[in-house]
Amino acid sequence: MIQMYLLRLNKKCLLAVLPLMALQATAQEKTGSFTDYKKTYNDVNELVISDKSSYDIFVDNKKLRVLQDNYYESMIMSENGIQNNQENFSYSELVKLNEYEAFSVVNDKGKDRKIKVTQTNEKQARQNSVFYNDVKERQLIFPNLEAGARKVYSVQTEFLDPFLLQSYVFGSNYPMLNSTLEVRTDKDITIGYRIFNDPNNSIEFSKTEKKGKFIYRWTLKDVKAVKMEPNNPGFRYFIPHINVYVKDYTVDAKKINVLDNTEKLYDYYKSFTKNLNKTEDADLKAIATEITSGLTTDTEKVKRIFYWVKDNIKYIAFENGYEGFIPREAALVCKRKFGDCKDMASIISAMANYAGVKSVTVSWIGTRDIPYSYEELSTPAVDNHMIAVYNDNDNYVFLDATDRETRYGIPTAFIQGKEALISNGDTYKIINVPVVAAENNEAVEVVKLSLDKEKIIGSGSVSYNGYSRSNILAQIGDASNKTRFEMIKSLVLKGSNKFHLKDYTEANVSDRDKPYQVNFNFELDDYAMQVDKELYINLFMDRMYEKLTLEPDRVTAFDLDYLSAYNTRYDLTIPQNYSVKYLPENFSLDNAVMKADFKYTNTAGVVSLVAKIQLKKLLLQKDDFALWTESIKKLKSTYTQTLILTEK
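No experiment lies behind these values; they were computed from the predicted model shown. (Residues numbered from 1 in each chain as written. Predicted model: local features only at pLDDT ≥ 70, side-chain atom pairs only at ≥ 80, totals over all residues. Heavy atoms only, no water.)

A. Summary view of the overall build of the chain. Scanning the chain from terminus to terminus reveals 10 helices and 38 strands. In terms of principal-axis extent, the alpha carbons of the chain reach across some 95 × 70 × 45 Å. The buried share of the chain, reckoned over its 648 residues, is 53%. Residue pairs in contact within the chain that sit at least 24 positions apart in sequence constitute 73% of those at least 6 positions apart. In the structure as shown, the chain presents an accessible area of about 29700 Å², 45% of it carried by carbon and sulfur atoms. For the chain, the separation between the mean place of its 86 positive charges and that of its 88 negative charges on side chains is 1 Å. (Helix = DSSP H or I, 4+ residues; strand = E, 2+ residues; numbered from the N terminus. Buried < 20%, exposed > 50% of the residue type's maximum accessible area, 1.4 Å probe, protein only. Contact = heavy atoms within 4.5 Å. Areas by Shrake-Rupley, 256 points an atom, 1.4 Å probe, with all protein chains shown as cover. Lys, Arg positive; Asp, Glu negative; His and termini not counted. Charge placed at Lys NZ, Arg CZ, Asp CG, Glu CD.)

B. Seen up close, a nonpolar patch on the surface. Together, Tyr193, Ile195 and Phe205 give the surface a local cluster of nonpolar side chains, amounting to about 240 Å² of exposed area. As for its placement among the helices and strands, tyrosine 193 is situated in strand 12 (residues 189-196). (Patch = residues over 30% accessible without salt bridge, like charges linked within 9 Å, V, L, I, M, F, W, Y side chains within 5 Å. Salt bridge = Lys/Arg side-chain N within 4 Å of Asp/Glu carboxyl O.)

C. The arrangement of unusual backbone geometry in detail. Notably, lysine 62 is not glycine yet its phi reads approximately 65°, a positive angle. Its place among the elements puts lysine 62 in the loop between strand 1 (46-60) and strand 2 (63-76). Residue lysine 62 is classed as exposed on the basis of its relative accessible area of 55%. Here the phi dihedral of lysine 337 falls at roughly 70°; this positive angle occurs in a residue that is not glycine. Residue class for lysine 337 comes out partly exposed when judged on its relative accessible area of 39%.

D. The arrangement of the pairing of strand 11 (residues 176-186) in detail. Counting buried residues along strand 11, 11 of its 11 residues qualify, which places the element largely inside the surrounding structure. Pairing geometry for strand 1 and strand 11, over 8 bridges, is parallel. Opposite aspartate 56, over in strand 11, you have arginine 184 as the bridge partner. (Pairing = 2+ DSSP bridges.)

E. The arrangement of the pattern of salt bridges in detail. In this structure the tally under the stated criterion is 42 salt bridges. Aspartate 186 is paired through a salt bridge with lysine 213; the nearest N and O atoms lie 2.6 Å apart. Of this pair, aspartate 186 sits in strand 11 while lysine 213 sits in strand 14 (residues 213-223), and the two are 27 residues apart along the sequence.

F. Representation of empty space enclosed by the protein. Taken as a whole and judged by the stated rule, the model has 3 cavities of 30 Å³ or more. Size it by volume and the largest cavity reaches roughly 50 Å³. Lining the largest cavity are Phe163, Leu165, Gln166, Ser167, Asn243, Val244, Tyr245, Leu259, Thr379 and Ala381. (1 Å grid on protein atoms, 1.4 Å probe; cavity = no way out; pocket = protein on both sides within 12 Å on 5 of 7 lines; lining within 4 Å. Points joined across faces, edges and corners; volume = space filled by probe spheres on them.)

G. Structural context of helix 4 (residues 282-291). Those residues of helix 4 that fall on the buried side of the exposure criterion are Leu284, Ala288 and Ile291. On an axial view of helix 4, the arc spanned by its buried residues comes to 80°, and they lie on one face. Opposite the buried face of helix 4, at more than 90 degrees from it, the exposed residues are Ala282, Asp283 and Glu290. Taken together, the buried residues of helix 4 touch helix 5 (298-312), helix 6 (330-336) and helix 7 (341-354). (Arc of directions from axis to C-beta.)

H. Examining the environment of serine 461 more closely. Mapped onto the elements of the fold, serine 461 is located in strand 26 (residues 455-464). According to the relative accessible area criterion, serine 461 is partly exposed, its value standing at 26%. Considering only alpha carbons, one finds serine 461 and glutamate 506, 45 residues apart in sequence, at a separation of 9.7 Å. Not counting chain neighbours up to four residues away, the residues in contact with serine 461 comprise Val444, Glu445, Val446, Gln517, Val518, Asn519 and Phe520. One polar contact links serine 461 to glutamine 517, side chain to side chain, over a distance of 3.4 Å. (Polar contact = N/O pair within 3.5 Å; in protein donor to acceptor, adjacent residues only side chain to side chain.)

I. Focus on the sheet that holds strand 29 (residues 529-531). Judged by pairing direction, the sheet is antiparallel, and its 4 strands sit side by side in the order 29-30-38-33 without closing on themselves. Whereas interior strands pair on both sides, the edge strands pair on one side only; in this sheet they are strand 29 and strand 33 (578-582). Shown here is a sheet whose adjacent strand axes are inclined to one another by a mean of 30°, direction ignored. Relative to strand 38 (residues 643-647), strand 30 (residues 534-537) runs antiparallel, the two sharing 4 bridges. The residue bridging isoleucine 537 from the neighbouring strand is leucine 643, located in strand 38. (Axes fitted to C-alpha atoms, helices over the stretch in contact; angles between N-to-C directions.)

J. Representation of the packing of aromatic side chains within the structure. Evaluation of the coordinates by the stated rule reveals 31 aromatic pairs. With centroids separated by 5.1 Å and ring planes inclined at 65°, the aromatic side chains of phenylalanine 540 and phenylalanine 598 adopt a geometry described as edge-to-face. Here phenylalanine 598 lies in strand 35 (residues 594-603) and phenylalanine 540 lies in the loop between strand 30 and strand 31 (558-559), a separation of 58 residues in the sequence. Comparing phenylalanine 540 with phenylalanine 598 shows no difference in burial state: the two are buried. Among the aromatic residues, ring-to-ring pairing joins Phe163, Tyr266, Tyr268, Tyr269, Phe272, Phe325, Trp364 and Tyr428 into one connected group. (Phe/Tyr/Trp six-rings, centres within 6.5 Å; stacked < 30°, edge-to-face > 60°.)

K. Spotlight on helix 10 (residues 625-639). Relative to the 21 Å expected for 15 residues at 1.5 Å per residue, helix 10 spans 21 Å between its end C-alpha atoms, a close match to the ideal helical length. All buried positions along helix 10 are accounted for by Phe625, Trp628, Ser631, Ile632, Leu635, Thr638 and Tyr639. All buried residues of helix 10 fall inside an arc of 150° around its axis, so they share one side. Seen from the buried face of helix 10, the exposed residues on the opposite side, beyond 90 degrees, are Ala626 and Lys633. Against the buried residues of helix 10 lie strand 31, strand 34 (587-590), strand 35, strand 36 (606-615) and strand 37 (619-620). (Expected span 1.5 Å × (residues − 1).)

L. Looking closely at the packing of helix 8 (residues 466-476) against helix 9 (residues 481-492). Two elements in contact, helix 8 and helix 9, have axes whose closest approach is 10 Å; the angle formed by their N-to-C orientations is 150°. The angle between the axes of helix 8 and helix 9 places the two elements in the roughly antiparallel class. In this structure, helix 8 meets helix 9 at a crossing whose hand is right-handed. In contact with Ile472, Gln475 and Ile476 of helix 8, helix 9 contributes Arg484, Met487, Ile488 and Leu491. (Parallel < 35°, antiparallel > 145°, perpendicular 65-115°, else oblique. Left-handed = near helix turned anticlockwise from the far one by under 90°.)

Next comes the structure, spelled out in structure tokens:
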């Protein structure tokens, strides 16, 4: 379920739209000269002069109407900037496009000349993991661009549902001189708003009254370009933005509530589910009864149903108007053999009910790229996903069938730590989703090694639990033959690119309740190093997290998919004519971000290294960076330690 009010603008890391009614007034504002801007912004390709968005909220024929006008103006600052001659804006069934205007402004003998955009294309917007949505994207191609030219465009849309007002983000990939959101309302309309990521109160706010309307305005000036860094947790965590919503309005002296708290949000949501699966479907009931036949506990029944849905209903995301919010009937989902997250929740809860389990219900939840709690922001911006939840005597099991591989009993990785809004008819309950501990996602490996001069001959067995299992199997998918061989090779690769995987076998590929296991045999040429009578061997053939370094100037938090853990044992059989001259020192580390324990032993002609390491934080904040960097530095130093054997 992806909210349709989040509509993207090309080349901007925000989700916002732009002002047509404000176009004339804004165009009359004085724009500085290219020469003046170049003095301050000499090293950028483009400068956003103005990004303004405005809502007009009013009552018309006893109905609430919401118009949004957006205005965008930028200046090309370099020859490289000319390449960015495109901008996009979006609209959908619920956010209707009324009109737009776009043009380039170029210098013609010392005067500004407007050149209208005539080359435009409409296409279906692409979103990750969404098979189909109704969001249309209008692409604008700006003509005659040169250094000093400006791109100007404006768009007017109408929100057909006042519950779905979108976030406004004060930020762009380019530096921005002025970013403004304005809301104009009739006096009998009450709005609410929440500002995020503005710790210094840099966003200027004013409220005025003009011609019988309230005018709310939020402005941020001289905004630095947003730095989008790898593994950031999502723009909502660090870019200043505001969520505006309608609290209530009055028609014929009667106040009509819209949004204000979780209770009102739930009232809106339950209107989409109140009639869900009210009609019994004999075919689906027969399936539910058959697959749970002979099972004696509710837990066994729910688990069997959960896995049946994973195996028989293909996840395909559809977003088309209110279909982005309303779950389809379970009978239809079963007949089609596919559905989106809402449909998965629908069929799981319906089948559980048919099997006599009454404590499985649908639930709304936000994925981890959305930072808000339901108390912080009680609007549809707080969540974007739907699952089923099983209340097993107040032990809540989160049933998300969109991830085919995740086992029963743990949530999908992308909802860890989030809140679930659980439906219970006219009432609701908010439950926290746990973060799965690292030891439950552990990869356990045992590798047996022997030496043939400088060649390593080895055999190993590795098993993957929890998210490490589901993550790997999701990547491998249905790959076969040479493709699968190469994927397994990259999975178990040791030492260097001279690693040669001879053969492998797999176990528990389809049994989600057991660790996925790979048994393998390999050879590794030129790994040991012979110097006179001494043989040097580094037993760290996997160097966990060595490359997971943070840039010194990193600004945003570093987001990990899940808490991982590794437990690896290397057993090297010492050649008969050799003895141990130097055994590396043991190493241990235990701090707020990770724990590591490396131990060497020499027993009965076998040198063993047991390396255990696990992560402790799912989201590394800026305050964690120094400790993380120091921890990785210590690991790297330890990884260079070498075992020395000498000829007898």
